[in-house]
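The lines below spell out each chain.
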Amino acid sequence: MEILESIAEAVIKGRANEVDELVKKALDEGVEVQDVLNKGLIAGMNVVGVKFKSNEFYVPEVLIAARAMSRGMDIVKPLLVKSGIKPVAKYIIGTVKGDLHDIGKNLVSMMLRGAGFEVIDLGVDVPAEKFVETVKNENIPLLGLSALLTTTMPSMKEVIEALKQAGVREKVKVMVGGAPITQEYADEIEADGYAPDAATAVDVAKRLLQA
Ligand code: B1M
């Protein structure tokens with residue numbers, strides 16, 4: 001459908017006002033809300049992810065596209081809630097204790113939201129206990145940890161140890177990422193997944209859901 005392609009295109013180009021107008025128009029014309037979400041907004045964000053991975057897009061373009069996508073989400077969200085459509089999955093994310101960097105984490109959150117996940121963002125400088133408490137209280141299959149400092153990398157291991165201590169390690173798949181993090185480090189601390197960038201984070205999250 002042409003209007004869905006136009007929505008995707010407007011997301012890719014980061015044109016928030018156009019997304020807003022097109023989403024309203026599509027819904028007025030009777031297009032299903034799931035199609036607006038999946039074939040319009042999410043389809044656009046998927047392309048942004050591919051372009052980001054191949055260095056065709058950089059951080060500013062992704063942020064602008066995510067902002068445009070959010071405008072569309074503001075319109076479809078209440079309708080999705082009403083129609084009872086479930087998100088792909090819930091996802092807890094946070095920057096670990098001692099670390100205040102959040103630009104990368106926010107990008108990961110945006111890409112996940114763009115792919116249909118419901119993200120619970122605990123913010124920055126999050127202590128291990130807070131992650132454990134959230135995993136304990138909510139039935140959420142995925143936990144993402146971000147760190148940008150070599151000095152805060154050990155906080156990731158602390159979270160995994162604290163999950164084990166609390167007896168909830170098996171409840172959740174843990175994903176790690178951030179500039180100093182490597183696959184080797186993820187393996188060393190027994191994380192379930194690692195992603196070098198925000199677009200790959202979505203692929204890894206989907207893979208872990210099926211594991
Ligand atoms: Co800071 N800082 N900083 N800083 N800062 C770095 C990280 C640093 C490399 C700069 C440098 O020295 N060259 C250095 C770390 C050195 C090290 O540890 N080896 C550093 C330092 C030292 C510090 C302070 C200690 C400086 C000081 O006060 N002396 C201090 C620490 C504060 C603290 O956290 N306790 C500090 C402070 C700050 C600011 C507050 C000023 C600011 C942060 C603002 C904010 O985030 N709101 C800041 C910034 C902006 C940076 C740089 C310049 C940029 C980081 C960034 O946002 N990159 C950075 C140098 C650099 O990288 N050029 C630097 C863009 C972002 C999109 O990339 O976060 O890597 P990134 O995220 C990527 C991937 O890593 C991945 O996906 C993202 C998108 O592709 N990813 C995940 C991230 N999280 C993921 C999670 C996943 C999966 C993938 O799964 C869950």
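Residues numbered from 1 in each chain as written. Predicted model: local features only at pLDDT ≥ 70, side-chain atom pairs only at ≥ 80, totals over all residues. Heavy atoms only, no water.

Novice: Would you explain the pairing of strand S4 (residues 173-177) in this entry?
Specialist: Look at any regular strand and the pattern is simple: side chains alternate between the two faces of the sheet. With 4 of 5 residues buried, S4 lies mostly within the body of the structure. Bridging between strand S3 (residues 142-146) and S4 involves 5 bridges; their strand directions are parallel. Within S4, the residue paired with serine 146 across the bridge is glycine 177. Regarding topology, helix H7 (residues 153-165) serves as the crossover connection from S3 to the parallel S4, and that connection is right-handed. Bridge count for S4 against strand S5 (residues 193-194) is 2 bridges, and the pairing is parallel. Counted as the bridge partner of valine 176 is tyrosine 194 from S5. Taken together, S4, helix H8 (residues 183-188) and S5 form a β-α-β motif whose crossover is right-handed. (Buried < 20%, exposed > 50% of the residue type's maximum accessible area, 1.4 Å probe, protein only. Helix = DSSP H or I, 4+ residues; strand = E, 2+ residues; numbered from the N terminus. Pairing = 2+ DSSP bridges. Right-handed = clockwise from strand over helix to strand, strands pointing away.)

Novice: Help me understand the pairing of strand S2 (residues 118-121), please; the structure alone is not making it clear to me.
Specialist: With 4 bridges joining them, strand S1 (residues 90-95) and S2 adopt parallel strand pairing. In the sheet register, tyrosine 91 faces S2, and the bridge partner there is valine 119.

Novice: Sorry, what's going on with the packing of aromatic side chains here?
Specialist: Overall, the coordinates contain 1 aromatic pair when judged by the stated rule. Ring centres of tyrosine 91 and phenylalanine 117 lie 6.3 Å apart, and the angle between their planes is 90°; on these two criteria the pair is classed as edge-to-face. Within this pair, whereas tyrosine 91 is found in strand S1, its partner phenylalanine 117 is found in the loop between helix H5 (103-114) and S2, the two being separated by 26 residues in sequence. Taking relative accessible area as the criterion, phenylalanine 117 reaches 4% and is therefore assigned buried. (Phe/Tyr/Trp six-rings, centres within 6.5 Å; stacked < 30°, edge-to-face > 60°.)

Novice: For this particular structure, what's the right way to read the coordination of the cobalt atom of the ligand?
Specialist: Under ideal tetrahedral coordination, the four donors around a metal are separated by 109.5 degrees; under ideal octahedral coordination, the six donors are separated by 90 or 180 degrees. Just one protein atom donates to the cobalt atom of the ligand; it is His101 (NE2), sitting 2.2 Å from the metal. Examined against the element boundaries, histidine 101 turns out to sit in the loop between S1 and H5. (Donors = N, O, S within 2.8 Å, 3.2 Å for Na, K, Ca; no water.)

Novice: Even after reading the chapter, I still don't get helix H6 (residues 128-137), so can you show me in this structure?
Specialist: In an α-helix, one turn spans 3.6 residues; hence positions three or four apart end up facing the same way. Among the residues making up H6, those that are buried are Ala128, Phe131, Val132, Thr134 and Val135. Down the axis of H6, the smallest arc covering the buried residues is 165°, so these residues share one side. In H6, those exposed residues whose orientation departs by more than 90 degrees from the buried face are Glu129 and Asn137. At its buried positions, H6 is contacted by S1, S3 and H7. (Arc of directions from axis to C-beta. Contact = heavy atoms within 4.5 Å.)

Novice: Sorry if this is basic, but what is going on with the domain arrangement of the chain here?
Specialist: When the parts of a complex come together, some accessible area is lost, and that lost area is often taken as the interface size. Under the domain assignment used here, the chain contains domain 1 (2-82) and domain 2 (90-210). Taking only C-alpha atoms into account, the centre of domain 1 sits 26 Å from that of domain 2. Listed per partner, the contact involves 11 residues of domain 1 and 12 residues of domain 2. For the pair domain 1 and domain 2, the summed buried area comes to about 940 Å², and 80% of that belongs to carbon and sulfur atoms. The tally of links between domain 1 and domain 2 comes to 1 salt bridge. A salt bridge links lysine 53 to aspartate 203; its shortest N-O distance comes to 2.6 Å. At the surface where domain 1 touches domain 2, the tally comes to 1 residue pair in polar contact (both at pLDDT 80 or more). Breaking the side of domain 1 that touches domain 2 down by element, the ones donating at least two residues are helix H3 (33-53) and helix H4 (59-83). Per-element accounting of the side of domain 1 that touches domain 2 gives the leading share, 6 residues, to H3. (Domains from an automatic or database assignment. Buried area = accessible area lost by both parts, 1.4 Å probe. Salt bridge = Lys/Arg side-chain N within 4 Å of Asp/Glu carboxyl O. Polar contact = N/O pair within 3.5 Å; in protein donor to acceptor, adjacent residues only side chain to side chain.)

Novice: What am I meant to see in the sheet that holds S1 here?
Specialist: Hydrogen bonding along the main chain pairs the strands of a sheet, whether they run parallel or antiparallel. Ordered in space as S2-S1-S3-S4-S5, the 5 strands form an open sheet in which the pairing is parallel. The open sheet has two edge strands, S2 and S5, and neither has a second partner. Helix-sheet contacts for H6 involve S1 and S3, and the interaxial angle to S1 is about 175°. Lying over the sheet, H7 contacts S3 and S4, oriented at roughly 150° with respect to S3. (Axes fitted to C-alpha atoms, helices over the stretch in contact; angles between N-to-C directions.)

Novice: Help me understand the site of the ligand, please; the structure alone is not making it clear to me.
Specialist: Around the ligand sit 27 residues in total, of which Leu100, His101, Asp102, Ser146 and Thr150 are the nearest. A distance of 2.9 Å separates an oxygen atom of the ligand from a polar atom in the backbone of threonine 150. Of all the elements in the fold, those that place two or more residues in the shell around the ligand are H5, S3 and S4. It is H5 that contributes the most residues to the shell around the ligand, 4 residues altogether. (Near = heavy atom within 4 Å.)

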